[in-house]
Structures are given as structure tokens and as C-alpha cells.
Amino acid sequence: MTSSSRWPRTDAESFVEGRATFIDDLRPEGLAHLAVVRSTRPHARITGIDAVAAKAVDGVLRVVDGREARLHLRPMPYQFGEPELIGGRRSSLEALPVERVRYVGEPVAVVVAETARAARRGAAAVTVGYDDLPALLDAGPFLGRDPLAPELERHVIASHHVTAGDAAAALARAEHRLDLTFSVARSTTAPIEPRGYLASWDRAGRLTVQASHQQPFQLRAELAEILGLAEADVRVVVPHVGGAFGAKMTGQVEEPLVCLASRLCGRPVKWIESREECFLGGGREQVHRLQVGFDATGRVHALRDDMVVPVGAESVSPGWRQGWVSAASFPTAYDVAHVDVHSRVVATHVPPWHSCRGFGKEAPIFVMERTMDLVGRRLGLDPAEVRRRNLVRPAQLPYRTPAGFLIDSADLPALLDRVAGADDDGARDDAGTGRFVGTGIAVEVTPEGGGHAAARSGPGVPTTSAAPESAAVALTADGRFEVRTGTTSPGSGNETALARLAADELGTTRDAVTVVQGDTDRCPPGTGNASSRAIAVGGPAVVLAARGLATAVRAAAAELLGADTDELVLGAGAVAGPEGQQITLAELHRRTGGVPACTRSYRPEPPEDPGYRYSYPYFSSAAYRARVTVDAGTGAVRLDALTAVHDCGRVVDPVLVEGQLHGALAMGAGLALSEASRTDDAGAPATRSFKEYLVPRANDLPEFVLGHHETPAPYTLLGAKGAGEAGVGGALAAIANAVDDAVGRLGGSPVTTVPLDPPTVLALLHPDGDVR
Amino acid sequence: MTTSRSIRLTVDGITTDTGVDDDETLVDVLRDRLGSTAVRAGCRNGDCGTCTAVVDGTHLKTCLVPAARADGTTVGTLAGDGSGRWVAPLRRAFMQEYAFQCGFCLPGMILSAAALLDRDPHPDDAAIRDALSGNLCRCTGYVNAVRAVRAVRSVGAPVSGHD
């Protein structure tokens, strides 16, 4: 370790002393507050908005509805690349609707007031008239491939078909075949800090937005377009972010509305999402109807799947793309010759999807890992053995998947072997107390680094390429270094790893390096925090920039010392030569008037292949083993052990990587056992607080056991892959398999849905409905 | 805005009189009127625990306390030194064990751990997990927070940093 820092995190002290600044801690002079009036109907025509009572509320400054907003705001542009590339339609929406609401919770007006409480009172006093329209709450009718009636067809945002070989023929000749249905409940991100934005305009008409956000540069571009400004007239600054997990990406309608409210009121305006509002967003929900064909040895030859992905109301956020990533992720870690996955992404009248950690890759892991267990059970094969016979083998790498993803590196059988016998503490069933032990395993590959629009190329098919990251590294007047990067941290600590990478190139320790992130005026452009890119792609940009600066500093010192650049060494705080000549960096800065900052961009370098578009450039992988206790009387499941062996290529900072994995495992455990965003029969969200949406608490989880297995990523400079997304799907699948193990021995039905909350487990144990 | 009454609070050693409305909760008065941002609002519903402070020696979720009821109390937050002898070693242990990521839940995590150690200086792991169960964390899976409390439990005195 090159760092002399005392703590694993560079900026730890400001947090433990309670000094770290989050968006809601910012209170500029003259601050006003915004609250949102939201639809109470899932689908309705707006017949009128009456704000008279709201304007009379003490402290209310202004009420803005859709008719007024449309005078000032251009439509919100689609926020995530080219939807046409993945068979989707391009949405463009107004920030506030004028004619029609499309989900309970859709913003219909905003209220600005002197205090947040006055704004909320004002919002509650706005009366909206509705004329109800038919609401689509159930995507069931979309399952299958039959042509849809026109009134259903217009709900299909995207349709996907991922194929390899001839699945129909292979299924017809398969020795064994299973027909299976799986479903995954809608769930959400639920960062402990909700979203928040603070906008202000200066006299020259320049907009500054402070935001709890993952993508400052994307937000800048979005706001410039909606508000009709040059990008140079928008500055986005991101304070400390209290967790994000996808929720804080661009495309949320409150982003431009806060800016508009500030312009109309001539004051800084802030909006902080309430917890109830935070629970509107979600993702991950899908239904699969699957046929799998295999032989007597357990080798799977064919997989056919019909999927429906209900993504809530159409929006401009990255949300529905996760449906494509789900379809494209099959058959996950396995080598299956004949694949036919058909998927419909369907707009419904519930709140729109936002990005959720895992970005669509997690549900396919659940589906494939459950399928592998059921194939093994049919043949009497051990779960590890049936996987061993089907995993993509190291000799097959790089491995092209049916969707055109290129799995770059992995040793999946080795990962599996390391978890297959883990954590057996001798726990056994106890029929007396009705507690039954189950174990389950799972194998996961996680496409990372951006590039999900991979596909076979062909005439007329546009090509795609890697998104770069950039960094600038400078020597400061006091002889320290400053790294400015276009990647951001949602609270993951990646700034510490970036400081460490820069320090290694600059012959110093990470204490001498300050990392600046999340400021569009100061940092070079980048993608912020998405697709596990900060270290694997952002890291090389920092390394290259630091390397360039080190050379420039040594050259400047050579001139001052009258020495040869090649014989000078950049060390802690100084440049030194072989004959004892030396100059401190502060002195060098003073005498040269400063060395120009070095800026570099980096993009991953997978091999060119004219037959395919750009793929995700690196794939982390992992294997998992979970042990649970199922209480047969109550249906309650206790997670007793969870082991993960993770391959994220070169580990830059093990403490940070393990932290990412811990968080992902906890989220996967929540998805497996308790987390579900439910809607009532009228389309209203029924999970509106942490009392209904059950995030794992400290006493719900065991101490996770982690191992690392490094296969370096061949197509990135550092050999690093991502950390942060892997673990969600793996934990979800291993825990579901563990519950199935226990339930199966008790004669229950196979696990085909998550979360496995007590009513669901009781229903599995008593398929006849006779729960005594 | 009109205020309906004046209350006196001593927060991290500083005594202030402030007007409050009847419907204001302590978390909002601490943050909005007194600028005490080491108390955070995560749910305003008593679920997440990041608004935890020590009110007259008792660890409370301040989003559940009507501000007027807190008149005359002494409030300790994570930012102050007056929240008990366990806070300093817990701060160091949370840094050493990398027991937080985004840090938003930290005020509640550390103060709840301190309350546990006040009651029981040598808790077992299950007691540590129970004591932290009122504080939601979405980043870490709690593994390192449990380790941090364990480190303080074993030493019972300030632990040093590591390199």
C-alpha cells in the first residue's frame, strides 16, 4: 500500500464528525422551497387545476402548472443514448402534463414557498380536476408472441428478440424439457438520502444547479436543452451524495422544474424529495415463461423465453432500458447453443422505472440459477455439478453471447469450486421447532462499463463505440496534486481509489492528492457514476494524466537543476537527481510559474469486430452460496450465511471493493426476501414508507464472507473490472435457491417468484391453500 | 411564517431560544432553525434513524419528537463532543473499519452504537446488530459497522488508526 493515510477513506473525518455537506444542508441567502402537486389518478384527463387556495397559504410565493411551464420549458429530451439502437421508441415529454396524467404520483404542478412546510401545505391546497381514463396496471396480456390488439400494441415501448441457433428445433429433439414460469417483483433503490436539487441564477442569466446526482454533465446538457441555454451557461455542482443506486440519474422532471421555479421567483429554490415520493420510483419487475431443453447428463442445449417487462409510465429516464439489458443478458454464465428470448417492454400506469443497481442484469441471474437447480433436480444432479457442465469455460473466452456481448475474462468453474463447500456449520433441520435449513448456490456474470447496445452488426446498422472518461491532473502551488475527473461518487469512496492510482504515478501518497469530482466548471466531461466505470475506465484516465504530469514535472525540474529528465525521480514532495540535487515541488511551482495541467481521456479497448457493435468491455463474475433457515410454521426466512467469491479483475483497493460487494449483497438479500414495491388495485403505490418497503436491517443479515479471484480484464489499461453491480443478482439467486432447497424437502412447490416473504413461502409450503 | 411559541434548546453546548410552530418536529428545528446539520432527515417517519440525537441523555429519533416538547432540553449530536464517552472511539473505529460509504446514516449509526455501549460495554454480535437495527444503511450491508462496534467493545478505549 502506497498510502500513509490513517483511514481507508481520504475524507472520512468530515463524515464521522457530522460535517460532510449534503444537498439539504445548503441554505443560500433568500432560499425558497418547492413542493410538488402529484396526480392521485393512474390515468385521467386533467379537467382543471385550481390554485386559488394554495396561493392564499401563508408563505406561498408561486404556483406553476403545466400550462405555465410549457411557456418556458422545451420538452424533456430522451436521456440515454439512442433508443432506436435497441428497438425502442424515443420519448419526449413535457415536465408537467397539460392534458393527461399517466400514473399516481405524476407531478401536475409545483408550489414555491418561503419554507418547505409552507410549500407542502400549498401543494396540498391545490385542487386538480380529473376525468378518469382506463388504466393498464397488469402486463399479463402482453406475455407471449402473438400479435397484439392495437390498443395494447401502443403500450409496447420496445420489443426484443435475442437468438442463437435454432431453439425450437433443439427443444423439439431434447431428451428432457422443463416448462417454467418466473416472476420478479417491482423493487426500488431507496437511498437513505432522497433526491434533491437547488437552483439559482446569477444576474448574467447563468444557472447554477446543485444536485444530489450521479451524472452532472448529462444533467447540464439536459437542462441546457430544456431551458434553451448554452451548456456554458449552466453549472452543475454535486455535493456529497447520500447513496444513489441508479435513482439519481438524469431525466427526472423535478430537475428542470426547480430551475424554472428559481427563474420565475428570482430566488434560489430547493426541492428535497420526501420519502414517500422516493418510493414512487422503481424497477426490476418482470415475468418469464421459459422452456429449457437438456440431455441426460444435464447439459442444456436450448432455452426459449418469453418475457414481459412492465416499466411503468413512459419517461425520458434510462429506466426502461433495463428491460433490454435483461433480455440481452441471457443465458448469463452458461454456454447454451440454442437461445430464443423474446421480450416486450410495456408502459403501464404506475410510476416510471428509474435505473436500479444491477440495471436489468439481476433478474436473469435469478431465472437462470433457478432453472439450473430445477434441471439438476429433474436428473438427480447436484446443483454444483449441473452448473459445472454448462458454465462458459475459460478456454471459450472471449465468449460472444447471443445478444452480442463479449465476455472478456473469467474463470467461472474456479469460482464455483470455491463456494461449493463453503459455510457448512453443521446446521441441520429441527422438525421439533419447525425450522428447516436450506442451502443454495449461484453463479453470476455482470456486463459492465457501458455498451449495452451491443448486437450483431450488418448493413444499415449504426455502429456504437466506447464512452470515454477524462481526467486532469495538476501540480498545485503548495506542492500537492489535484485530480479533476468526470467520474463522480455516489458515496462509494471511489475518490480514494483514484487518489491512490494518481499517487502511484506521481511517486507520492494519496494524502498529497486532492480529487475534485462533480463540478461541470472544474472537471473534464465524463459519465459520472454508472455501469461500474469509475475505476475501470475513469481510473486509466487518471493514471495516464498523472503519468503525463509526472513527465512534465520532471522535465521542468531538469531545466531548473541542469540535469537530464531521465535521471530525475519524482518522489514525495520533491524531484531529486542521482547526485543529490533536489527541488521541492512547491519551489518548482514557484520558479516555473506552474506546470500546465495534464488532461487525458481513456476508453476501453476491446478488439474490433466488424460483425458486432461495441460490447460491454469487461465482465465481472462471482459465485455465491447462501444458507437459510425456513420457519415452516410462519413462512419466515432467516439468512444465516452468505459467501461470495468475486472476480473484478485487478483490485485497486480491496477495502473499497469489499464495501461495494457488501452493499450489493445486502440489496440482493432484500430483493430475495422482503423488498417489493406494491400497487393497490386502484393503481396507487401501497409501499410508501420503510414500514411497508422492507430494506434489510442490521439484525436481518449475517456477516458476509468474501473471497477474491483475480482474472485481469484484458481490454482495460489497469486490468480492473467493476464492483458494485455484481452481488445483487447473485445474492438474490443463491438465497432463492436456498429457500427452495428447504421448501422442496418439505414437499413444497418450487420457488418461482421473489421476494420470498412469509405469505409467499407459506403458499409454497401449502400449495393446496390449506395453511393451518 | 408565524411561530406559535418560543423554546430553549442547548445543542452541543450552545443554548439558543428559537420560535417554533406547533407542527414542527425537533429534526426540522435542529436543522432549519439552528443549522445543526449533523442531524439528518431520511424518512420523517421514525424508520431510518439518521435523525438520531441524544436528548437529555436519551437517544431519540428527532423526527418523532414535537419540537415544543423538547423545550428546555440538552441535545447532543454527532457533531458535538457532548454525546458521551463512546463517540470518540466509535468515530475512529468507523473510520478504521470503513464502516460507512455515503455517510448519510452515520449520525444515527454512531449514536445508536454509543447508546448500546452505555448500556452494555461488552455486547455480543447479536446485541450489536439489534442495537443498529433502528438505523437503515443502504450502502454497506452493516458488516463493517458491526466490526467497528466490535473493535470498540474489545478495547473499551480509543483505538488507534492504522496504515
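Computed from a predicted structure; not experimentally measured. (Residues numbered from 1 in each chain as written. Chains lettered and ligands numbered in written order. Predicted model: local features only at pLDDT ≥ 70, side-chain atom pairs only at ≥ 80, totals over all residues. Heavy atoms only, no water.)

*Asks:* I'm lost on the overall build of chain B in this one. Help?
*Replies:* The helix and strand inventory of chain B stands at five helices and five strands. In chain B, the order of α-helices and β-strands from amino to carboxyl end is β-β-α-β-β-β-α-α-α-α. Based on the C-alpha atoms only, the size of chain B along its principal axes is roughly 50 × 30 × 30 Å. Looking at chain B as a whole, 61% of its 163 residues qualify as buried. Taking as baseline every contact in chain B between residues at least 6 positions apart, the subset at least 24 positions apart corresponds to 54%. In the structure as shown, chain B presents an accessible area of about 5,800 Å², 46% of it carried by carbon and sulfur atoms. Charge-centre separation for chain B: the mean point of 17 positive side chains lies 5 Å from the mean point of 19 negative side chains. (Helix = DSSP H or I, 4+ residues; strand = E, 2+ residues; numbered from the N terminus. Buried < 20%, exposed > 50% of the residue type's maximum accessible area, 1.4 Å probe, protein only. Contact = heavy atoms within 4.5 Å. Areas by Shrake-Rupley, 256 points an atom, 1.4 Å probe, with all protein chains shown as cover. Lys, Arg positive; Asp, Glu negative; His and termini not counted. Charge placed at Lys NZ, Arg CZ, Asp CG, Glu CD.)

*Asks:* Please explain the UniProt feature "domain: Aldehyde oxidase/xanthine dehydrogenase a/b hammerhead" (unreviewed entry) in chain A as it appears in this structure.
*Replies:* With numbering matched to this structure, UniProt assigns "domain: Aldehyde oxidase/xanthine dehydrogenase a/b hammerhead" (unreviewed entry) to residues 17-134 of chain A. Here residues 17-134 of chain A runs as 18% helix and 30% strand, with 53 Å between its end C-alpha atoms. (UniProt positions renumbered as here; feature names shortened; annotations may be inferred.)

*Asks:* How should I be thinking about the packing of helix 14 (residues 494-506) of chain A against helix 15 (residues 538-561) of chain A in this particular structure?
*Replies:* The relative placement of two packed helices is expressed as an angle between their axes plus a distance between the axes. All names here are of chain A. It is at 8 Å that the axes of helix 14 and helix 15 come closest, and there the two elements cross at 30°. Relative to helix 15, helix 14 is oriented roughly parallel. Seen along the crossing, helix 14 lies across helix 15 with a hand that is right-handed. Mapping the contact onto sequence places Leu 498, Leu 501, Ala 502, Glu 505 and Leu 506 in helix 14 and Gly 538, Gly 539, Val 542, Val 543, Ala 546, Arg 547, Leu 549 and Ala 550 in helix 15. Looking at the contact of helix 14 with helix 15 residue by residue, the classes come out as nine nonpolar, two polar and two charged. (Axes fitted to C-alpha atoms, helices over the stretch in contact; angles between N-to-C directions. Parallel < 35°, antiparallel > 145°, perpendicular 65-115°, else oblique. Left-handed = near helix turned anticlockwise from the far one by under 90°. Nonpolar A, V, L, I, M, F, W, Y, C, P; charged D, E, K, R; others polar.)

*Asks:* Would you take a moment to explain the interface of chain B and chain A for this structure?
*Replies:* The accessible area lost on association of the parts is a frequent measure of interface size. At the junction of the two partners, chain B supplies 52 residues and chain A supplies 64 residues. Taken over both partners, the interface formed by chain B and chain A buries close to 4,800 Å², and the fraction arising from carbon and sulfur atoms is 54%. The partner of Asp 47 of chain B in a salt bridge is Lys 691 of chain A, with the nearest N and O atoms 2.4 Å apart. The interface formed by chain B and chain A contains 28 residue pairs in polar contact (both at pLDDT 80 or more). Among the secondary structure elements, those contributing two or more residues to the side of chain B that touches chain A are helix 1 (26-33), helix 2 (87-96), helix 3 (106-119), helix 4 (125-132) and helix 5 (143-155) of chain B. Sort the elements by how many residues they give to the side of chain B that touches chain A and helix 2 of chain B lands first, with five residues. (Buried area = accessible area lost by both parts, 1.4 Å probe. Salt bridge = Lys/Arg side-chain N within 4 Å of Asp/Glu carboxyl O. Polar contact = N/O pair within 3.5 Å; in protein donor to acceptor, adjacent residues only side chain to side chain.)

*Asks:* Which parts of the structure should I look at to understand the pattern of salt bridges?
*Replies:* Pairs can form between side chains of opposite charge whenever their charged atoms are close. All names here are of chain A. All chains considered together, the criterion is met by 71 salt bridges over all chains. Between Arg 522 and Glu 482 there is a salt bridge; the shortest N-O distance is 3.2 Å. Separated by 40 residues along the polypeptide, Arg 522 in the loop between strand 21 (513-517) and helix 15 and Glu 482 in strand 20 (residues 481-485) bring together distant segments of the chain.

*Asks:* Is there a simple way to think about the sheet that holds strand 3 (residues 60-65) of chain A in this case?
*Replies:* Across a sheet, strands are paired by hydrogen bonds formed along the backbone, either parallel or antiparallel in direction. All names here are of chain A. Here we have seven strands laid out as an open sheet, ordered 3-5-1-12-9-10-11, and mixed in their pairing. Because the sheet does not close on itself, it has two edges, and the strands there are strand 3 and strand 11 (234-237). The sheet shows a mean angle of 20° between the axes of neighbouring strands, direction not considered. Two strands pair when backbone bridges link them, and strand 9 (residues 196-201) and strand 12 (residues 269-272) are joined in this way by four bridges, in the antiparallel orientation. In the sheet register, Ala 199 faces strand 12, and the bridge partner there is Val 269. Strands strand 1 (32-38), strand 3 and strand 5 (107-113) of the sheet are contacted by helix 4 (residues 116-125), whose axis makes an angle of about 25° with strand 1. (Pairing = 2+ DSSP bridges.)

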